[in-house]
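Next come the chains, spelled out residue by residue.
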Amino acid sequence: MKFSEAWLREWVSPALDTQALADAITMAGLEVDAVEPVGAIFQGVVVAEVVAKSQHPNADKLNVCQVDDGSGEPVQVVCGAPNVDIGQKVPFARVGAVLPENFKIKKAKLRGVESRGMICSASELGLEEGRSEGIYVLPQDAPVGEDFRAWLQLDDHTIEVDLTPNRGDCLSLRGMAREVGCVTGTEAVEPSIAPVEARHDAQFPVAVSDEERCPRYLGRIIRDVDVTASTPLWMQERLRRSGIRSIDPAVDVTNYVMLELGQPMHAFDLDALKGGIEVRRANADERLTLLDGQEVVLNEDTLVIADQDRALAIAGVMGGEATGVTGETRNLFLEAAYFSPLAVAGKARDFGLHTDASHRFERGVDPEITRPAMERATELLIAIVGGSPGPITEVMQPAHLPRRPDVELRRERLSACLGVRLSDEEIHRIFQSLGMVSTAADQSWHVQIPSWRFDVSIEEDLIEEVARIHGYNRLPVRRPQARLGLTTDDEASLPLRHLRRHMVSRGYQEAVTYSFVSPDLQALITPDAVSPALANPISSDMSVMRHSLFPGLIKALMHNLNRQQHRVRLFEAGLVFQGELDELVQTPMFGGLICGSRDVEGWSAHRDSVDFYDLKGDLESLVALGGKADEWTFVAATHPALHPGRSAQLCRDGKVVGWLGALHPGSRAQLDIKPEVYVFEVEQAALTQGAIPQFKPLSRYPEVRRDLAFVVKEEVEIAPLVDAIRSRAGDWLTQWQLFDVYQGKGVDDGDKSVALGLTWQHPSRTLNDEEINQLIADVVEVAQVRFGAKLRS
């Protein structure tokens, strides 16, 4: 919201200078972005009248003018502006004047003719951006000889406030004056708005078919207007200082009322309307050419203002070109309406627009200001363009108008939150200044919320309002007191932070990627994935919820590779979303990715690239944190995202809880990723499920170790072989170690040698040779029977 300080002070004028006023607004929670002068600095410029004009004797494009500057004698000036004419009131810089950028006016001769001063354009005075086409022509009532700067009130400032979306009530001078009055204790005086008496009985029919979205609509005919009249300079200046360009009286008046009262309005050319006004939803593929010349195709969810033939405007956003006011317009149909915020929210963006009207309607417009705004706009229009107004046509459905609740504010709750107990008089004053009606009870306040405060609906909102108006800087500063009890520590679960720290200790960096990914990337990585699509995505490549952590991690990898970061180790903890929206399953997962060299670059480091077993080793160390490493197994399996020969399932107690492996070569080719990439993903619940530590006495008796080398077929998996051997090795087996897998000389083609070290220890006695030999015989037997293994000689 941008407004003139002088305009604001007509509503409320606290005894504060400009900066103090801006500080007070900021302390009220309405951050002031900028305070700037409304015009450049200049001096020595007065209002003058052109009393004579003749052609320059030596130049076709110059005129010699005589101006009356109030000094008593005409002053001769050479002027090159094409629009200068006798009888005009103009800003005149006398000799000795200083214009913006320290441009000093001196006596001069132009093509042999003396010139004593300069008739100024708006841009030369810093009142218009760019270069003006001619001199600045002032209204005929401008007083000759008056200091131009003082007459136009240019010793003024514009104040720009950055409002949060919940404070739509401050998008007007009326709302801003209320806030300034509250925080400064100064009474705000609103202008008196009297009903305009109708001068004829003509009404234009109005019907509302979507009463929920438009519960209130007002219209009024104004006949015999002269839209060629000029908007008063005072109104043009207020619009300019609010960042709005003057266009014509009809548009200027509706913009002025919007800035003044916060009610967006629109004026139609009555003679271009057919039948009557209808507020309805657009028909499928209905077209409308807007005031900015853009043709849009409407959808059935768009609320429009229409007549019997066509859509005339997008409700709450922008009017149509065909029914806009032109220089030929003689009769107006003026509208003011209340549209629900949900009816307008997002509609402007659907068509690539953002208008002052949509900005206000999306945030909520006071439904009670609609009729006063209609009366105010009528009064201003008649004063400028003349005409005769008719009666107001109003269609209203009170059941669909927003109802502001009565909110209870507990005294103890207020004191506890603020840290200070305020008097009833102070609280009553605050509520009264905010336009709220309060009733005190023994233990609480009952507060009736005004129609313009859409952001106040619960007790916490009232506490914030009291603190804001009382002054945050006036609240006591106290250290918080908290009586904290010790939280229970579940030893059977492993905190997620321990997993994160472990991965960092192994050289990984944590990634936090979006929960929504590209549908193409997700289809490439997990083609069978089913996850919800976003109704309003940030962009087309972030339009579906992730079914896996893989797409986000791979996208992060590509970002690094494109920036010459070739050694990448990333991990992420986050939710994945599986299934359609009505049957959605959200699962916390823990995933990671490695790519590039195994070791950090250095003089003693090898240059080997990472492989499957590097990732497997990292995962084995991760699952070992829970103290139940023996419950985890890796089982060769295929996954659509992974290389068929280098992928595995990660299981705990026989249940599949994750995957690991090399990224599928086809996927790497389509993504243009040249190095090998290895990824893993595991359910967090399985990783964080640990074991309670239990003490086990150490045996004082000697260990017995036997090393066995089995020759098996090359295709035999080692994990099932080891599991079978462990199951037959007895209860006294304390340790086993796979220390060699060999193929080559001494082993037939198609076979491999698997060497295991088995260690036994009895808790209460020494094991004898007969017992050990029997255990070894059992181990060899199970290996022979189930896997065809032979002891290697």
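Residues numbered from 1 in each chain as written. Predicted model: local features only at pLDDT ≥ 70, side-chain atom pairs only at ≥ 80, totals over all residues. Heavy atoms only, no water.

Draft legend 1. Structural context of the pairing of strand 36 (residues 704-713). Pairing of strand 36 with strand 38 (residues 751-760) involves ten bridges; the strand directions are antiparallel. Note that in strand 38 the partner of Lys713 across the bridge is Asp751. Relative to strand 39 (residues 790-791), strand 36 runs antiparallel, the two sharing two bridges. Bridge pairing in strand 39 places Phe710 opposite Leu791. (Pairing = 2+ DSSP bridges. Helix = DSSP H or I, 4+ residues; strand = E, 2+ residues; numbered from the N terminus.)

Draft legend 2. Main features of the sheet that holds strand 26 (residues 444-448). Reading across from one edge, 24-26-25 is the order of the three strands in this open sheet, with antiparallel pairing throughout. With partners counted over all chains shown, the strands left at the sheet margins are strand 24 (406-410) and strand 25 (437-440), one partner each. Across the sheet, the axes of successive neighbouring strands diverge by a mean angle of 25°, strand direction being ignored. With five bridges joining them, strand 24 and strand 26 adopt antiparallel strand pairing. (Axes fitted to C-alpha atoms, helices over the stretch in contact; angles between N-to-C directions.)

Draft legend 3. Layout of the packing of aromatic side chains. A complete count under the given rule lists 13 aromatic pairs for this structure. Note on Phe268 and Phe333: the rings are 6.4 Å apart at their centroids and 35° apart in plane angle, and the pair reads as tilted. You can see Phe268 sitting in strand 14 (residues 265-269) and its partner Phe333 sitting in strand 21 (residues 332-338), a full 65 residues away along the chain. Residue Phe268 shares its accessibility class with Phe333, and that shared class is buried. Both rings, one in Phe612 and one in Tyr613, keep their centres 5.4 Å apart while their planes meet at 85°; by these two values the pair is edge-to-face. With relative accessibility at 12%, the residue Phe612 sits in the buried group. Linked through ring pairs, Phe42, Tyr136, Phe148 and Trp151 together constitute an aromatic cluster. Here Arg404 stacks its cationic end above the ring of Phe454, 5.7 Å away from the centre of that ring. Positioned above the aromatic ring of Phe634 is the side chain of Lys616, whose terminal nitrogen or guanidinium carbon lies 4.6 Å from the ring centre. (Phe/Tyr/Trp six-rings, centres within 6.5 Å; stacked < 30°, edge-to-face > 60°. Buried < 20%, exposed > 50% of the residue type's maximum accessible area, 1.4 Å probe, protein only. Lys NZ or Arg CZ within 6 Å of the ring centre and 35° of its normal.)

Draft legend 4. How the structure looks around the pairing of strand 33 (residues 642-652). Here strand 32 (residues 632-636) pairs with strand 33 via five bridges, running antiparallel. Bridge assignment links Thr633 to a residue of strand 33, and that residue is Cys651. Counting the residues in the hairpin turn of strand 32 and strand 33 gives five residues. Here strand 33 runs beside strand 34 (residues 655-663); their pairing, made up of seven bridges, is antiparallel. Note on strand 34: the bridge partner recorded for Leu650 is Gly658. The turn linking strand 33 back onto strand 34 is made up of two residues, and Asp653 within it adopts a positive phi angle of 55°.

Draft legend 5. Structural detail: the pattern of salt bridges. Summed over all chains, the structure comprises 53 salt bridges. Close ionic contact of Glu620 with Lys616 constitutes a salt bridge, the shortest N to O distance being 2.7 Å. Of this pair, Glu620 and Lys616 both sit in helix 17 (residues 612-623), four residues apart, which is roughly one turn of the helix. Note that Lys713 and Asp751 form a salt bridge whose closest N and O atoms lie 3.6 Å from each other. Taken together, the positions of Lys713 in strand 36 and Asp751 in strand 38 put the pair 38 residues apart, joining distant regions of the chain. (Salt bridge = Lys/Arg side-chain N within 4 Å of Asp/Glu carboxyl O.)

Draft legend 6. Representation of the layout of surface pockets within the structure. The computed volume of the largest pocket comes to approximately 1300 Å³. Taken together, 33 residues line the largest pocket, and the ones lying closest to its centre are Lys616, Glu620, Phe634, Ala719 and Trp736. Elements that contribute at least two residues to the lining of the largest pocket include exactly helix 17, strand 32, strand 33, helix 20 (718-728) and strand 37 (733-742). Split by residue class, the lining of the largest pocket holds 18 nonpolar, six polar and nine charged. (1 Å grid on protein atoms, 1.4 Å probe; cavity = no way out; pocket = protein on both sides within 12 Å on 5 of 7 lines; lining within 4 Å. Points joined across faces, edges and corners; volume = space filled by probe spheres on them. Nonpolar A, V, L, I, M, F, W, Y, C, P; charged D, E, K, R; others polar.)

Draft legend 7. Spotlight on empty space enclosed by the protein. By the definition in use, this model includes two cavities of 30 Å³ or more. Put simply, the largest cavity is a space of about 130 Å³. Surrounding the largest cavity, 17 residues form its lining, Gly168, Asp169, Leu261, Gly262 and Asp366 being those nearest its centre. A per-element tally of the lining of the largest cavity places helix 4 (residues 173-184) first, with three residues. Here the lining of the largest cavity is composed, by residue class, of six nonpolar, six polar and five charged. Computed from the structure, the second largest cavity encloses a volume of approximately 30 Å³.

Draft legend 8. Here's a closer look at a negative patch on the surface. Residues Glu31, Asp33, Glu36, Glu160 and Asp162 make up a contiguous surface patch of negative charge. Of all the elements in the fold, those that place two or more residues in the negative patch are strand 2 (31-37) and strand 11 (157-162). Considering every element that reaches the negative patch, the biggest residue donor is strand 2, with three residues. If you trace the backbone, Asp33 turns up in strand 2. (Patch = residues over 30% accessible without salt bridge, like charges linked within 9 Å, V, L, I, M, F, W, Y side chains within 5 Å. Areas by Shrake-Rupley, 256 points an atom, 1.4 Å probe, with all protein chains shown as cover. Lys, Arg positive; Asp, Glu negative; His and termini not counted. Charge placed at Lys NZ, Arg CZ, Asp CG, Glu CD.)

Draft legend 9. Seen up close, a nonpolar patch on the surface. A cluster of nonpolar residues, Trp736, Leu738 and Val741, forms a patch on the protein surface that exposes about 230 Å² of accessible area. Mapped onto the fold, Val741 is located in strand 37.

Draft legend 10. Quick peek at the environment of Val297. On the secondary structure map, Val297 appears in strand 17 (residues 295-297). Sequence separation of Val297 and Pro249 is 48 residues, and the distance between their C-alpha atoms is 30 Å. Beyond its immediate chain neighbours, meaning those up to four positions away, Val297 contacts Asp285, Glu286, Arg287 and Phe351. (Contact = heavy atoms within 4.5 Å.)

Draft legend 11. How the structure looks around the side chain of Asp461. Within the element layout of this structure, Asp461 appears in helix 13 (residues 459-470). For Asp461, which is buried and forms no salt bridge, the nearest opposite charge comes from Arg404, at a distance of 7.1 Å. Beyond its immediate chain neighbours, meaning those up to four positions away, Asp461 contacts Asp455 and Val456.

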